[in-house]
Amino acid sequence: MVSRVLYGGRTSLVTGILPVVVVLLIGASLGFAAGYAGGGADNALMRVTEIFHALPVELFLILVMVTLTDAPIRRFGNGLPLFLLALATMSWSGLARLLRGNALQLRESGFVDAARSLGASHIRIIARHIVPNSVGVIVVWVALAVPRFIIAETALGFIGVGLRPSLDPNEFFLTSWGRLFLEGYAIVGSQPGFLLTTGIVVSALVIAFRFVGDGLREAFDPRSR
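Reading the values: rules and limits
- Residues numbered from 1 in each chain as written.
- Predicted model: local features only at pLDDT ≥ 70, side-chain atom pairs only at ≥ 80, totals over all residues.
- Heavy atoms only, no water.
- Salt bridge = Lys/Arg side-chain N within 4 Å of Asp/Glu carboxyl O.
- Helix = DSSP H or I, 4+ residues; strand = E, 2+ residues; numbered from the N terminus.
- Buried < 20%, exposed > 50% of the residue type's maximum accessible area, 1.4 Å probe, protein only.
- Axes fitted to C-alpha atoms, helices over the stretch in contact; angles between N-to-C directions.
- Parallel < 35°, antiparallel > 145°, perpendicular 65-115°, else oblique.
- Left-handed = near helix turned anticlockwise from the far one by under 90°.
- Contact = heavy atoms within 4.5 Å.
- Nonpolar A, V, L, I, M, F, W, Y, C, P; charged D, E, K, R; others polar.
- Core = buried A, V, L, I, M, F, W, Y, C linked by side-chain atoms within 4.5 Å.

1. Some details on the pattern of salt bridges
In this structure the tally under the stated criterion is six salt bridges. Of the charged contacts in the structure, one is a salt bridge between Arg100 and Asp42, with a shortest N-O distance of 2.7 Å. One end of the pair, Arg100, is in helix α5 (residues 80–106); the other, Asp42, is in helix α2 (residues 39–54), with 58 residues separating them in the sequence. In this structure, Arg47 engages Glu50 in a salt bridge whose closest nitrogen and oxygen atoms are separated by 2.9 Å. You can see Arg47 and its partner Glu50 sitting in helix α2, three residues apart, about one turn around the helix. The exposure class assigned to Arg47 is partly exposed, which follows from its relative accessible area of 41%.

2. Looking at the packing of helix α8 (residues 135–158) against helix α9 (residues 177–186)
To describe two helices that pack against each other, one gives the angle between their axes and the distance between the axes. The interhelical angle for the contact between α8 and α9, taken along N-to-C directions, is 40°, at an axis separation of 6 Å. One element, α8, and the other, α9, form an angle in the oblique class. For the crossing formed where α8 meets α9, the hand is right-handed. Every residue of α9 that contacts α8 at Ile150, Glu153, Thr154, Gly157 and Phe158 is listed here: Trp177, Gly178, Arg179, Phe181, Leu182 and Tyr185. Looking at the contact of α8 with α9, its residues break down into six nonpolar, three polar and two charged.

3. Considering the side chain of Ser12
As for its position among the elements, Ser12 is in helix α1 (residues 2–37). Dropping the residues within four chain positions of it, Ser12 is found in contact with Ile150, Glu153, Ser176 and Trp177.

4. Focus on the nonpolar core
Membership of the largest hydrophobic core comes to 44 residues, with the highest contact counts inside it found for Val23, Phe32, Leu61, Phe83, Ile130 and Trp177. At the level of elements, α1, α3 (57–67), α5, α6 (110–117), α7 (122–130), α8, α9 and α10 (192–220) are the ones that each hand at least two residues to this core. The greatest single-element share of this core, amounting to 13 residues, is contributed by α5.

The structure is reproduced here in structure tokens:
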């Protein structure tokens, strides 16, 4: 039981961390660009962002994983690339809106005006002034996004449309916490400890990430204390 929970945790942690990297690249790029540019570019990017933000992420993940069940990309890597692509496609809008608002505030700051008056390019201003002053917001978002993505993978695995389990001991993704929930639910009458153990581990990890996110929020914003 402990061995399977540990192997499942390895898979779930990867599915929680890798989408954050992809979402961070997409959301940060669009958010900073929209907030710093303003005007028509900002309006156009935000309208696209709002469309993606209005779509239900979980429903989209289920549709993609079920529709492409027999597709080669679904079989490749136990379905991990498809899951990452689908999750990143639907999850970048929240970060983009958050960083766009932060960029709107920073672009009116005195140090940005000083850099602009000295002839700094737009890319240099964003890279040297806007992005470093948004690190606190990004770190807090990452700490809160990882458990959300882990729960998404766990939910898909529980309903049977998550990552494909592997019987090859040499492969990395042998099982996941979502798959363990599904198997534990089937034997809950005879072995309730299996489902209970998996639930405790998942809950502890999610709560731990939440505590880290709250602590980082207070560290980067003392006024929130």
